[in-house]
Amino acid sequence: MAEKTDGVEVSEAQIASHWKEEDLIHPSISFIGQANMANPKIREHFSSDNFPESFRLYADLLDWDQYWHTTLDSSEPPFFKWFVGGKLNASYNCVDRHLAKHGNKVAFTWVSEIEGEPDRVISYRELWVMVNEFAALLKDFAGVKTGDRVTLHMPMVLELPVTMLALARLGVTHSQVFGGFSGAACGDRIVDSDSHVLITSDAYYRSGQLLDHKIKADEAVVQAEKGGVKVDKVLVWQRYAAKASSPTPMVEGRDYFVNDLLSDYRGQRVDPVSLPADHPLFLMYTSGTTAKPKGCQHSTGGYLAYAAGTSKFYQDIHPEDVYWCMADIGWITGHSYIVYGPLSVAASSVLFEGVPNYPDPGRPWRIAERLGVNIFHTAPTTIRMLRKAGPDEPAKYDYHFKHMTTVGEPIEPEVWRWYYDVVGKGEAAIVDTYWQTETGGFIGTTLPALEPMKPGSCGPGALGIVPVILDEDGNKIEPGSGKAGNICMSNPWPGRMQTIYGDPERFVDTYYAKYAKSDSKDWRDWPYVTGDGGTQGADGYLRVVGRVDDVINVAGHRLGTKELESAALTVEAVSEAAAVPAFDELKGRVPEMYVSLKPGFGADSGVDEQVRQAISQIIGPIARPSHVWVTSDLPKTRSGKIMRRVIASISNFIDVGDTTTLSNPEIVEEIQRQVQTAKVGLGKIPQGVPQEVIQEIMRFGEEK
Ligand code: WTA
């Protein structure tokens, strides 16, 4: 079926695109003057002709024990190997090699959620001591060795990067599970990775509450046992050394406070193990809620080179900067852009324990002012939340950012502008960094000094990566055509994951099978499939419209959820919006919108009609939502993504499924009561929802 929308031909296999072109914004001369990458010829260096050797620039930022002989071995696609023959250690590269020049420089300033509590500030020298002593403990007491996997379930404490680096020093692959996840979710990941040691913390603060975290370790061990894996040792870091912060008892012979053991290792040093470039540095599980999570396996050499290169040139970190990535280390953003990338370029970073709006939404700006933060990095969900809760707060504090990052989902142009004007005070260059757990580092973003910003659009492919948009048949959609399709990357790059741990077939199926010529040995026949839908402008800038699975198909029109949400956000009262499909006997699906409002606006202020009008006007009457629900909040994952699956289930009266990985599970019942009571009152209970629609809804927003 082919239909016309705004003059652009849209077939069922395509996703409609209705974005208005935004104006380009250039960074200030002072930013350009100091940037790490200000060479206007850099794109030539990274042109396809120079691939793959161009990536030497990144690998040469590291210290290698043995230099590699082959930059890329692509003989077994898609299992690409980078810097083959090279040997190195990630812990050495992040810590030891900085001692001579930066030993007394701050590595981390850890900030407690409790505002009166003192910071913990550690230099590179102190980091080195902590990493060595803990590595000695791990080796001699916990008995872990090169090639093992160890699961971590830690909150945002200094000991988390110390633990990661100590394991990396020994060549042990770490698998950090986001601290907010349940014990059972941690247990499943222990089983999948076959870990026999669990490293955790006793307690941490969240929104002013000291939460018992140790209890989750007990649950994780039970869950792992059900899956056939016995955890021999649980090592527990303490929130307050030598003080009980959790009421959960320690299990004799299994659980140990690290603090009690460490004194035996004082002064011990452990040589970093020299590892082949493709030695697995860590696993990071993607956040599926019903499908089995995928353990994305990242390498030592390729990953670290990519994290270092992108931290230097895209995050623009210099050793003298004060860098703050306000994200959780339990997410890939924290691995690449709090730990491995920044430390490999000798950054001084802020590590923040808590939530950004505790005790009030001025907190991040007070921290920035006090510590002199000049590079700030966060996610659209946080930006929206701070805009909702404290739109005028940034102006009250005397901080100045030179650079800001947004990451994790498409940012609506309205929100982008608030970030730029109010948080950045019109002074900071913004990079909208598009990437995935799987990609190790940025794959789409502007070079901050060289390429102008465009609100809502991440920019071109990152250096050395050539994005291509393919239609369902694998034909290239030309940039500038206005049509959307599947965003793919046409070439390999060093940061990409190596495989799904224990399941190489699923790796090939998920990321390559759709378009690969499976009998070809040429990497050109193996485009990487992101699973995101998007468009590319004539200028090469990408716009992500959402996960391909999150598209709502209304009478043959595939509408990207992000487009609907961006349109809703043009209504002044709206602070957050989510679009979901509701079953409709006539049209197949109709979009329903869920919105929450900025303070000072009431649900009775005609917002629902304004949202309907905005969507009809910006996208077209076909997209007009059947209902607009104004709710007090929306269900979100711990990394801040709106769980559309949950609200889609509510709209369609089907089971909401597992909500244990939400950051605010209590909102689910509230929304359910509100929406379903209203629908019952209107006689709008969906009847006979077909099985395939139920399955589609269960997949909605599933993988990310
Ligand atoms: C989405 C997070 C638009 C996208 C680093 C991707 C984005 C998924 C952006 C990966 C961005 C991430 N603009 N969309 N700047 N960044 N996404 O694995 O759908 O948690 O596939 O990695 O988030 O999420 P993940």
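Preceding this paragraph is the structure being described.
The structure presented is a predicted model; accordingly, all values stated were derived computationally and were not measured.

Draft legend 1. Quick look at empty space enclosed by the protein. Inspection of the entire model under this criterion finds 4 cavities of 30 Å³ or more. As for the second largest cavity, its lining consists of Phe80, Lys81, Trp82, Ala277, Asp278, Ser299, Gly302, Trp493, Pro494, Arg496, Met497 and Gln498. Considering only residue class, the lining of the second largest cavity consists of 6 nonpolar, 3 polar and 3 charged.

Draft legend 2. Region of interest: the site of the ligand. In the neighbourhood of the ligand, 18 residues make up the surrounding shell, with Asp432, Thr433, Thr437, Asp532 and Lys641 lying closest. Take Gly408: an N or O atom from its main chain is 3.0 Å from a nitrogen atom of the ligand. Residue Asp432 places a side-chain N or O atom 2.7 Å away from a nitrogen atom belonging to the ligand. Here the ligand loses 96% of its free accessible area of 530 Å² to cover by the protein chains.

Draft legend 3. Local environment of the pattern of salt bridges. The final tally for this structure, using the stated rule, is 41 salt bridges. Residue Asp148 is joined to Lys145 by a salt bridge in which the shortest nitrogen-to-oxygen separation is 3.5 Å. Its relative accessible area of 53% is what places Lys145 among the exposed residues. Arg612 is the salt-bridge partner of Glu609, the closest N and O atoms lying 3.3 Å from each other.

Draft legend 4. Seen up close, the nonpolar core. Residues Phe134, Leu138, Ile199, Leu235 and Tyr340 are the most contacted members of the largest nonpolar core, which totals 114 residues. Other than its neighbours up to four places away in sequence, Phe134 contacts Val162, Thr163, Ala166, Ile199, Leu235, Trp237, Val258 and Leu262. Among the nonpolar cores identified, the runner-up in size contains 76 residues, and Val111, Met326, Val571 and Phe583 belong to it.

Draft legend 5. Representation of the sheet that holds strand β25 (residues 485-489) within the structure. Overall, antiparallel pairing links the 4 strands, which are arranged β24-β25-β27-β28 in an open sheet. Edge positions in the open sheet fall to β24 (467-470) and β28 (542-547), since each of these has one partner strand only. The mean angle between the axes of side-by-side strands here comes to 50°, regardless of whether they run parallel or antiparallel. Inspection of the sheet shows strand β27 (residues 528-536) paired to β28 by 5 bridges, in the antiparallel sense. The partner of Asp532 across the bridge, within β28, is Arg547.

Draft legend 6. Summary view of the layout of surface pockets. By volume, the largest pocket amounts to about 1,000 Å³. Taken together, 39 residues line the largest pocket, and the ones lying closest to its centre are Arg206, Val355, Pro356, Arg638 and Ser663. Counting residues per element, the ones that place at least two in the lining of the largest pocket are β12 (203-206) and α14 (380-389). Ranked by the residues each element gives to the lining of the largest pocket, the list is headed by α14, at 4 residues. Of the residues that constitute the lining of the largest pocket, the class distribution is 16 nonpolar, 13 polar and 10 charged.

Draft legend 7. The arrangement of the packing of helix α7 (residues 159-170) against helix α12 (residues 332-344) in detail. For the pair α7 and α12, the least separation of the axes is 11 Å and the interaxial angle reads 60°. With respect to each other, α7 and α12 are oriented oblique. Like other packed secondary-structure pairs, α7 and α12 cross with a definite hand, here right-handed. Together, Pro161, Met164, Leu165 and Ala168 of α7 and His335, Val339, Tyr340 and Leu343 of α12 make up the contact between the two elements. Looking at the contact of α7 with α12 residue by residue, the class counts come to 7 nonpolar, 1 polar and no charged.

Draft legend 8. Main features of the environment of Asp202. If you trace the backbone, Asp202 turns up in the loop between β11 (197-201) and β12. The exposure class of Asp202 is buried, given its relative accessible area of 2%. Sequence separation of Asp202 and Thr499 is 297 residues, and the distance between their C-alpha atoms is 33 Å. Not counting chain neighbours up to four residues away, the residues in contact with Asp202 comprise Leu211, Asp212, His213, Lys214, Val236, Trp237, Gln238, Arg239, Lys243, Ser245 and Ser246. Among the polar contacts listed, one links the side chain of Asp202 to the backbone nitrogen of Arg239, at a separation of 2.8 Å.

Analysis parameters
Residues numbered from 1 in each chain as written. Predicted model: local features only at pLDDT ≥ 70, side-chain atom pairs only at ≥ 80, totals over all residues. Heavy atoms only, no water. 1 Å grid on protein atoms, 1.4 Å probe; cavity = no way out; pocket = protein on both sides within 12 Å on 5 of 7 lines; lining within 4 Å. Points joined across faces, edges and corners; volume = space filled by probe spheres on them. Nonpolar A, V, L, I, M, F, W, Y, C, P; charged D, E, K, R; others polar. Near = heavy atom within 4 Å. Polar contact = N/O pair within 3.5 Å; in protein donor to acceptor, adjacent residues only side chain to side chain. Areas by Shrake-Rupley, 256 points an atom, 1.4 Å probe, with all protein chains shown as cover. Salt bridge = Lys/Arg side-chain N within 4 Å of Asp/Glu carboxyl O. Buried < 20%, exposed > 50% of the residue type's maximum accessible area, 1.4 Å probe, protein only. Core = buried A, V, L, I, M, F, W, Y, C linked by side-chain atoms within 4.5 Å. Contact = heavy atoms within 4.5 Å. Pairing = 2+ DSSP bridges. Helix = DSSP H or I, 4+ residues; strand = E, 2+ residues; numbered from the N terminus. Axes fitted to C-alpha atoms, helices over the stretch in contact; angles between N-to-C directions. Parallel < 35°, antiparallel > 145°, perpendicular 65-115°, else oblique. Left-handed = near helix turned anticlockwise from the far one by under 90°.

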